[in-house]
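A closer look at the structure
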Amino acid sequence: FTIHGLWPEYNNGLWPEFCDAANATTSGGADDSEQQKCEWPSFKGSVCPACMCRRADAGFWDHEWQRHGTCARPITGDRPSFFQAVMRLHEKYDLDVALSEAGIEPSSAQTYTSARLSRAVEDAFGVRPMVSCFKGQLLELWLCVGLDLKVGLGLPGRRLSICDRW
């Protein structure tokens, strides 16, 4: 799994964006780590042969910082600290490992229910993820992270699976 992002969210499911124009600097990718570039790709990026992954263009990182990072700034700090916090969360809550330990591996032949995916993540981290699908295929697993940057129970009333819609 790669990372979708990290952003604050209100109790009603909406979120702030573009919170601090004065600190919404761009770097052109100069301060982005190799780990970040490989594990948090953009679909519009190019393939990096050295690390066998898709890389984001510099504009993607600027977008993530300006739209979401500036709103998380009171918790994560400046731009490099924001991206470092996301990478630490990605390592700590490794969905690939959680699913693998539950016997769930990527496969074009084997299918898994959203309940089984959810249970695997809950067994690993003690919280249920939000499972999102598109046309019968797993799209995303979301974990809600509290102000302490630890996974939490999520938002009250939020559906934990939106796979039954497709």
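Below is a short write-up of the structure. The shown structure was predicted, so the numbers you read here are calculated from the model rather than taken from an experiment.

Attention now goes to the overall build of the chain. If you tally the helices and strands in the chain, you get 5 helices and 4 strands. Starting at the N terminus, the α and β elements of the chain follow one another as α-β-β-α-α-α-α-β-β. Put simply, the chain has 166 residues, and 34% of those count as buried. Residue pairs in contact within the chain that sit at least 24 positions apart in sequence constitute 58% of those at least 6 positions apart. As displayed, the chain offers around 10,000 Å² of accessible surface, 54% of which is attributable to carbon and sulfur atoms.

Before going further, it helps to spend a moment on helix 5 (residues 114-125). Taking 1.5 Å of rise per residue, the 12 residues of helix 5 would be expected to cover 16 Å, and the 16 Å separating its terminal C-alpha atoms lies within 8% of that figure. Along helix 5, the residues that are buried comprise L117, S118, A120, V121 and F125. Buried positions in helix 5, seen along its axis, are confined to an arc of 160 degrees and lie on one side of it. Buried-residue contacts for helix 5 involve helix 3 (79-92), helix 4 (95-101), strand 3 (130-134) and strand 4 (137-142). Once helix 5 finishes, G126 follows within two positions and takes phi at roughly 80 degrees, a positive value.

Most of strand 3 sits out of view: 4 of its 5 residues are buried. Across 5 bridges, strand 3 lies against strand 4 in antiparallel orientation. Directly across from F134, in strand 4, lies its bridge partner Q137. Between the end of strand 3 and the start of strand 4, which pair antiparallel, lie 2 residues, with K135 showing a positive phi angle near 55 degrees.

Opposite charge on two side chains makes pairing possible when the charged atoms of those side chains draw close. For the coordinates displayed, the defined rule picks out 2 salt bridges. Its salt-bridge partner being R67, residue E17 comes within 2.5 Å of it at the nearest N-O pair. Here E17, found in the segment before helix 1 (34-39), pairs with R67, found in helix 2 (residues 58-76); they are 50 residues apart in sequence, far enough to count as distant. Linking R79 and D62 is a salt bridge whose minimum nitrogen-to-oxygen distance equals 2.9 Å. Taken together, the residues span a long stretch of sequence, with R79 in helix 3 and D62 in helix 2 at a distance of 17 residues.

Note on placement: A72 falls in helix 2. A sequence separation of 53 residues divides A72 from C19, and the C-alpha atoms of the two residues are 8.7 Å apart. What A72 contacts, discounting residues up to four positions off in sequence, is P8, G77 and F82.

Counting through the fold element by element, S118 comes out in helix 5. A relative accessible area of 4% means that S118 is categorised as buried. Between the C-alpha atoms of S118 and L141, which are 23 residues apart in sequence, the distance is 8.3 Å. Apart from residues lying up to four places away in sequence, S118 is in contact with R128, P129 and V131.

Taking 1.5 Å per residue as the helical rise, helix 3 with its 14 residues ought to reach 20 Å, and the 20 Å between its terminal C-alpha atoms agrees with that figure. Within the sequence span of helix 3, burial applies to R79, F82, F83, A85, V86, M87, L89 and H90.

What counts and how
Residues numbered from 1 in each chain as written. Predicted model: local features only at pLDDT ≥ 70, side-chain atom pairs only at ≥ 80, totals over all residues. Heavy atoms only, no water. Helix = DSSP H or I, 4+ residues; strand = E, 2+ residues; numbered from the N terminus. Buried < 20%, exposed > 50% of the residue type's maximum accessible area, 1.4 Å probe, protein only. Contact = heavy atoms within 4.5 Å. Areas by Shrake-Rupley, 256 points an atom, 1.4 Å probe, with all protein chains shown as cover. Expected span 1.5 Å × (residues − 1). Arc of directions from axis to C-beta. Pairing = 2+ DSSP bridges. Salt bridge = Lys/Arg side-chain N within 4 Å of Asp/Glu carboxyl O.

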